[in-house]
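Coordinate inspection notes
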Amino acid sequence: MTDHVSSGGAVCRRRRCAALVAVGVLLPLPVLAGCSEGDTASSVAQSQDIAPAPRGAVKDGGTVRWAIDTLPRTFNAFQSDADAATTRVTGAVLPSLFTLDANGRPQRNADYLAAADVSAREPRQVVTYQLNPKARWSDGRSITAADFLAQWNALRGKDNAYWTARNAGYDRIAKVEAGTKPHQVKVTFARPYADWQSLFTPLYPKGVMGEANAFNDAARERLPVGAGPFLVQKRDADRGTVTLVRNPTWWGDRAKLDRLVLTALPRDKRSAALAAGSVDVAAVDQGAAKQVAQAAAPATAEGVDAKAEGAHARKSALRGYVLRKALEPAYTQLALNGSAGPLADQRVRRAVARAIDRQALADTVLKPLDLPAEPLGNHLLMAGQHGYEDHSDAIGDPDSGAAKKLLADAGWKPSGPAVPQPAEEEQAGAGRAVTPDRADDGYAADGDAGNDGRNLHRPGAAADRDDARPAAAEAPLSFMGAVGSEVQQAALLRQSAALYKSEAAEEKAAAAGDTGSSAYAKYRRYKKRAAQALGAAELIETGQAPHLPGAAAGHAALRAGTGLFHARQAGTGHSPAAAAGRAPDRAPVMKKDGRPLALRFVLPDGPGSEQLRTVGRRIAGMLNRIGVQTTVQRVPDASYFQDHIASGDFDLALYSWPGTAFPATDARPIFAKPQPAPDGSLTVEQNYTRVGTDHIDQLFDQAASELDGDAAHTLVEQADARIWAAAGSIPLYQRPELVATRKTLANIGAFGFVTPRFQDIGYTK
C-alpha cells in the first residue's frame, strides 16, 4: 500500500497553517552562538519582544521596509498556495474578528465586534456577532451578514468550483443570516464547534467570496477593497515588493506609519541588506543575528588598514539595529516514521525517545540566546498557553538502560563489543554526498586547499603530493583487533574535526565576506584544524599509523573504500578541545535476525540549516549509546519537505509545527491515524510520521465539539498524552524567534503568539 499525502481538500481543508509548512518554517532558526555575557546581559520575556510603546510616544508618518521570504503567491488566505507573506498582508488590510494575546488566547477585536457570544447551545449551537456599526469596507459599504454568508458558501466544501484550502469549522455551519438587531449576524451550527472563534478571520468582502472565479483568481495579485488600518496599494513583481498604505477610511486608531513596504529578501542576503540600511525589519539567521548583537557590544580596538576600516564601517551601520528575540510559537520535533522497518514497532520508537536528552538539546539551542531553555512537553500547546502541561512522562525521562530494555523486548540484542559507528555516512546518489575532506562551503580560501597538513587525495592537491589515498591496512580497524585506544583515538579525531568544522562555518557566517576580519581569521584556522584532525583519523583508519598491525599493506579492496570509515563523526555540542580529551560513549550495535538496527536520518543541506544539523548530530550520538546506528542523508532544502518528509522517505527527521490557539481543529490532521483510500493508497493528511490511533482521533473529535472550555482542554490534554505514548513525534524545544529592527522602531519585533497591531507600529519620538 502506497502513501498518499492528500492535497486540496483532504489535507488542506483542515490546514490553517498551510503557509507554515514551507521549508523555511520547517527549519528552526539557528542559535545565536558566540555571544558574550554582555550581549545577553538581561533576559528577554519568553513570549514576545516588540519594544512596546504607547501611541503617544510614536511619531506620525514614515515608512517601514519589512523583509519577507517571497512575494505572496496569493492574497487569498484560504487558497492552498497562501503563505506567511499572505498572512502578513491580510493581517494589516482585512478584518480579524479575534486576535491572539501573548499567551495565545483569542480576544475579541473591538474594531470589528461590539460583542460575540454563544447565544444558544440547544437544540443547536448559535453564535451571535454584534458588529461595530462603524466597520466598513474601503469602498464605503458596511460590513454585513452578506459578507459572512458569502464566505461560508465559499468555504463550506459543498461547491467544488471553489479552489479552497480548508473548510474546518465552516463545514459544521447550517445557516448564516442577519440577526434581529441592526449590525447583527447569526450563525447556526449543524454540529457543535468549540473553535468557532477561529472562523471568519480574515473576513473577505463578498466581492471576493461570492463567486467561484473571483475566489480563485481575483485576489491573487490584487486586493482593491479592504477594511483594516492599511490597504494594498501595489504588488510589484519586478521590485519584489508589496506596498501597503494608510487606509483613509479606517475608523479605528489611525495608523502611525504612512506605508509598510514588504520586501522579498532571501535570508542569506539580509545581513548585507541590514548593513546597507535597505531594510528596517528582518527575521534573521545565525550569522546576521550574531553581527547585530556584536555591533551593539562596546567597541574594541581596531586596526587601521582598509579591511579593518571596512569591518568597522559595517559594524557602525549595524549599530542602528537591535536584536529582538523570543520563543516562537512553533516547536522543533524529532519525527519517527512508523510506517515500516524497525520504527513500525512502538517499543523501538519508545526506545529512541528514551535515548534522547531533550534538555541537552534545548540547552544547545536556547541557552546562548538567554531564552528559557526548557524542552517542550506538549505537542498541542506551547509553554505559557492556557492549559499547558508537560506530558512527556508518558514515555519517561531519558534512560539508556530503559531504552536498551525496550529494544531487547522488541528482539534487538547487542551484537558484540562496541565499535565506532559513523553517525553521518556518505550517501552516494541520495541527496548531497559529502566527502570527509570537503568543506561545507564548497571552496577553500586563500590557498587552504593546497596546504592543510593532510595527505590529500582529492583533485587539486599541491603538486608535491601523490594525489593517492594512503595505502590501506589489511582490514578495517574493527576487523584487526584495534577496538581499543586506536578506535577511540580515530573517533575522537573525527569528533574534533566535526566540531572545528562547525565552528568554522559559524565564523565564516559572522565574517560575511570580510576577509580582513577576526572572524574570517578564525574561520581559516578552524578549517585547517578540522582538515588536520580528519587527516590524522584517516591515517589511523587506513592502517597508516606505524603502531597498527597491517600498516601500508595496500589491500586493493580497502584502497577502493570498502569497509572504511567514510563518515564524519557526530559532534556532541561541546568544544573541540573538550572533545579531544573525552572517550566516546558507544554501545554494541543492536541486531535482530542478523540485521543491524540502522536508521536513516534525513536533514536539509542548506546554509541556513546548520543549527538543525547540529541538533541532528547530537541526536545521532545519543542513539549510538544504545546501539542504534544512524546514517545521515543531507538533501537540498528545496526537496526536503515534499520529496522526503511528505512522501515518507525517511526514518528520522527534524522539522517544525506551528503552535495554535485552536489545537482541536488545527492539530488533528497532524496526528490523525492514516486511512486507506479507495485506490489502495494511504491517506496521511499531515501526519508524516504515519503513527496514529483511533483513540487519538476520537479525543480530537470530542474536543472540537465540546463547548465547555474546561472539558475541551481536558480532552486535548488526554490526546497529547496519547500522542506522547505512541512515540511518533518527540517535541524537542520551542524555536527561537530572532528579528533585527531599527532601534527607533516601536511595537514591532519578535511577536510570539501576539497578533500585530499594525496601526501602532512606528518610530519613537
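Residues numbered from 1 in each chain as written. Predicted model: local features only at pLDDT ≥ 70, side-chain atom pairs only at ≥ 80, totals over all residues. Heavy atoms only, no water.

1. Thoughts on the side chain of Asn378
The criterion, for reference: Think of it this way: any DSSP run of H or I at least four residues long counts as a helix, any run of E at least two long counts as a strand, and we number them from the N terminus. Counting of polar contacts relies on pairs of N or O atoms within 3.5 Å, with two restrictions inside protein: one atom must be capable of donating a hydrogen and the other of accepting it, and residues adjacent in sequence are counted only when both atoms are side-chain atoms. Should any heavy atoms of two residues lie within 4.5 Å, those residues are considered in contact.
Relative to the elements of secondary structure, Asn378 occurs in the loop between helix 11 (358-366) and helix 12 (400-409). From its side chain, Asn378 meets the backbone nitrogen of Leu380 in a polar contact 2.8 Å long. Within the structure, Asn378 has its side chain in polar contact with the backbone nitrogen of Leu381 (distance 3.0 Å). For Asn378, the residues in contact, after removing those within four places along its chain, are Tyr388, Glu389, His391, Glu717, Asp720, Trp724 and Pro731.

2. Here we look at the sheet that holds strand 7 (residues 173-178)
For clarity, the threshold we go by: Pairs of strands are assigned from DSSP output, requiring at least two bridges between the strands. Lines fitted to the C-alpha atoms define the axes, with helices restricted to the stretch that makes contact. Angles between their N-to-C directions range from 0 to 180 degrees.
One open sheet holds the four strands; their spatial order is 5-6-8-7, and the pairing between them is antiparallel. Looking at strand neighbours, the two that pair on one side only are strand 5 (113-120) and strand 7, the edges of this open sheet. When strand polarity is set aside, the average angle formed by the axes of neighbouring strands in this sheet is 15°. In terms of strand pairing, strand 7 meets strand 8 (residues 184-189) through five bridges, oriented antiparallel.

3. Re helix 21 (residues 694-705)
Note the following rule: By this rule the span expected of a helix is its residue count minus one, scaled by 1.5 Å. Per-residue accessibility, obtained with a 1.4 Å probe over protein chains only, is compared with the maximum for each type, and a residue is labelled buried under 20%, exposed over 50%, and partly exposed between these values. This arc corresponds to the set of directions leading from the helix axis out to the C-beta atoms.
The end-to-end C-alpha distance of helix 21 is 17 Å, a good match for the 16 Å that twelve residues give at a rise of 1.5 Å each. For helix 21, every residue scored as buried is listed here: Ile696, Asp697, Leu699, Phe700, Ala703 and Ala704. Projection of helix 21 onto a plane perpendicular to its axis shows the buried side chains occupying an angular sector of 160°, all on one side. Those residues of helix 21 hidden inside the fold are in contact with helix 19 (663-666), helix 20 (668-671), strand 20 (675-676) and helix 22 (709-726).

4. What to know about the pattern of salt bridges
Rule in force here: Salt bridge criterion: a side-chain nitrogen from Lys or Arg within 4 Å of a carboxyl oxygen from Asp or Glu.
One pass over the full model with this rule turns up 27 salt bridges. Put simply, Lys673 and Asp694 hold a salt bridge, and the shortest N to O gap is 3.4 Å. With a gap of 21 residues between them, Lys673 in the loop between helix 20 and strand 20 and Asp694 in helix 21 connect regions that are remote in the sequence. Overall, Lys673 belongs to the partly exposed group, its relative accessible area being 30%. Looking at Asp694, the relative accessible area reads 42%, which means it is partly exposed. Taken together, the salt bridges that share partners define one network made up of Arg55, Asp253, Arg757 and Asp760.

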